[in-house]
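The lines below spell out each chain.
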Amino acid sequence: MNIVCDEETCQRIRRQMRLLSEPTKPEGEQDAGVLILLHDDGDDVKVFLCVRSRHLRRHPGEVCFPGGMMDDNDASNVRTTAIREAFEEVGIEDDDFRVIGNLPAFRARFGVLIHPTVAILKRPLKIIMNVNEVASVFWISISRFLEERDHSTLAIDQIYYVHIFQFHDYPTTYGVTALMCIVVAIGALNKKPQFDLLGSLRMREIEGMRCAEIVERVFEHAGNKFESSKFVTEMEDFSCYGIPDNYSINWWEIQPTFYANPNDENRAKRSAPTKKCTTSAYALFFREKQAEEKRAAPSTTFGQLSQRIARQWEALSSDEKRAYKIRCETHRRLNISRAIEQKAKMLLTLKEKNANRVENATNK
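Residues numbered from 1 in each chain as written. Predicted model: local features only at pLDDT ≥ 70, side-chain atom pairs only at ≥ 80, totals over all residues. Heavy atoms only, no water.

Looking up the chain in an unreviewed UniProt entry gives the name HMG box domain-containing protein, with the organism given as Caenorhabditis bovis.

As structure tokens, then:
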């Protein structure tokens, strides 16, 4: 296992990512620290990610960085939080890595302010997972977070996008974790993404910018609170779901659920439908080709199969890829519409039950 952690490499990544020498100051209420651990082997840069246990009450089964909420023992230092949580969750010790700086804070969809600490791997890890918190871990090339083929988005408001990467060979990664991976990839690799980053930062503008400028533009908005409480997509007129004008629904209440804990019946009911509500053009292509390739060569391993299909995708013309993207977008909008309608009806039912409960209590 080749590990590059020399001073020149650290300085280069620190400079390209515009890292801060000290972490941003916590707000004091909902602050979390995460560790973005990179492995540079001289040929590629990978990032370390975890899959949260499906038994957790919050965000079960989601991909995340090692980290957690700041507590009183962290002395208001979110870097300390990140290092402590990384050890508690997966057994990463502070001698395993070298801290090279911090990214500005990122605002998560539930209002938590996440303070990322960036570090470079110094030696091979000996993972000791806390199975109560972490289901699995994996390393993935950060260049995957710049490619369009596994990528799709959902708009939160006029500025923010939820970035979703539905890999065929890694767990689906989305939300603020995906956004941080994108920023790290742009900075560390000095390469641009193949898709729009924000509502105010689209491909036509990205093409004329330097990577450092792109990163700084994201930083300008990363820690801000969302401007709108509603999802913004072309087909989403909330009135069509029978939601009263005076009933304000937060966008995260409507957001389609990507994962549900199959062992929690109540959660499964609340989160239905449990299947993924979006996909990428490449994932659609991969599913269609997988069975065909497997029939042609039954002894082929999954890795060989993936490489073969990836080459076929790259060989497609722009028009052929566009056809898959159109199909993908059609399915995405239909699934989102169904998920939103279902959640809206659920929220209205709860509201009506609460109103009836209050009315009955008043009559008594």
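So, next bit.
> So what's going on with the environment of I182? Residues and values would help.
The residue I182 is located in helix α3 (residues 176-189) in this model. Judged by relative accessible area, which is 0%, I182 ranks as buried. Here the alpha-carbon distance between I182 and S143, two residues 39 residues apart in the chain, equals 8.5 Å. When neighbours within four sequence positions are excluded, I182 is seen to be in contact with F145, L146, H163, F165, F195 and L197. (Helix = DSSP H or I, 4+ residues; strand = E, 2+ residues; numbered from the N terminus. Buried < 20%, exposed > 50% of the residue type's maximum accessible area, 1.4 Å probe, protein only. Contact = heavy atoms within 4.5 Å.)

> If you had to explain the nonpolar core to someone new, which residues and values would you point to?
The biggest cluster of nonpolar side chains holds 53 residues, and the ones touching the most others in it are L38, V47, F106 and L197. Those elements giving two or more residues to this core turn out to be α1 (7-16), β1 (31-40), β2 (45-52), β7 (113-121), β8 (134-141), α3 and α5 (211-222). It is α3 that contributes the most residues to this core, eleven residues altogether. Here F106 is in contact with V112, L113, I114, P116, V176, L179, M180, V183, V218, F219, A222 and G223, once residues within four sequence places are set aside. Ranked by size, the runner-up nonpolar core spans 14 residues in total, among them C64, V90, F97 and L125. (Core = buried A, V, L, I, M, F, W, Y, C linked by side-chain atoms within 4.5 Å.)

> How would you summarise the environment of A135 if you had to cite specific residues and measurements?
Considering the arrangement of structural elements, one finds A135 in strand β8. Sequence separation between A135 and P60 is 75 residues; the distance between their C-alpha atoms is 9.6 Å. Setting aside chain neighbours within four positions, we find A135 in contact with V51, R52, S53 and M129.

> Can you tell me about the environment of K122, naming the residues and giving the values?
Looking at where K122 falls in the secondary structure, it is placed in the loop between β7 and β8. Along the chain, K122 and D95 lie 27 residues apart, while their C-alpha atoms are 7.6 Å from each other. Those residues in contact with K122, other than ones at most four positions away along the chain, are I3, C5, D95, D96, F97 and R98.

> Quick rundown of the pattern of salt bridges? Include the residues and the values.
Counted according to the given criterion, the structure contains 25 salt bridges. Of the charged contacts, one joins R217 and E205 as a salt bridge, the two residues approaching to 2.5 Å between their closest N and O atoms. Highlighted residues: R217 in helix α5 and E205 in helix α4 (residues 203-206), separated in sequence by twelve residues. Linked by salt bridges that have partners in common, D71, D74, R84, E85 and E88 make up one network. (Salt bridge = Lys/Arg side-chain N within 4 Å of Asp/Glu carboxyl O.)

> Describe the pairing of β7, listing the residues and the values that go with them.
In terms of burial, β7 is a largely internal element, nine of the nine residues being buried. Of the strand pairs in this sheet, β1 and β7 are connected by eight bridges, and their pairing is parallel. What sits directly across from V34, in β7, is P116. Relative to β7, strand β5 (residues 97-102) runs antiparallel, the two being bridged by five bridges. The residue of β7 that forms the bridge with F97 is L121. Where strand β6 (residues 106-107) and β7 come together, two bridges link them in antiparallel fashion. Bridging across to β7, R107 finds its partner in L113. (Pairing = 2+ DSSP bridges.)

> Could you give me a rundown of unusual backbone geometry, with the residues and numbers involved?
We note that R18 has phi near 55 degrees; this positive angle belongs to a residue other than glycine. With respect to the secondary-structure elements, R18 resides in the loop between α1 and β1. Here R18 falls in the partly exposed class, since its relative accessible area comes to 32%. Backbone geometry places N190, a non-glycine residue, at a positive phi of 55 degrees. Take N190: it is sitting in the loop between α3 and α4.

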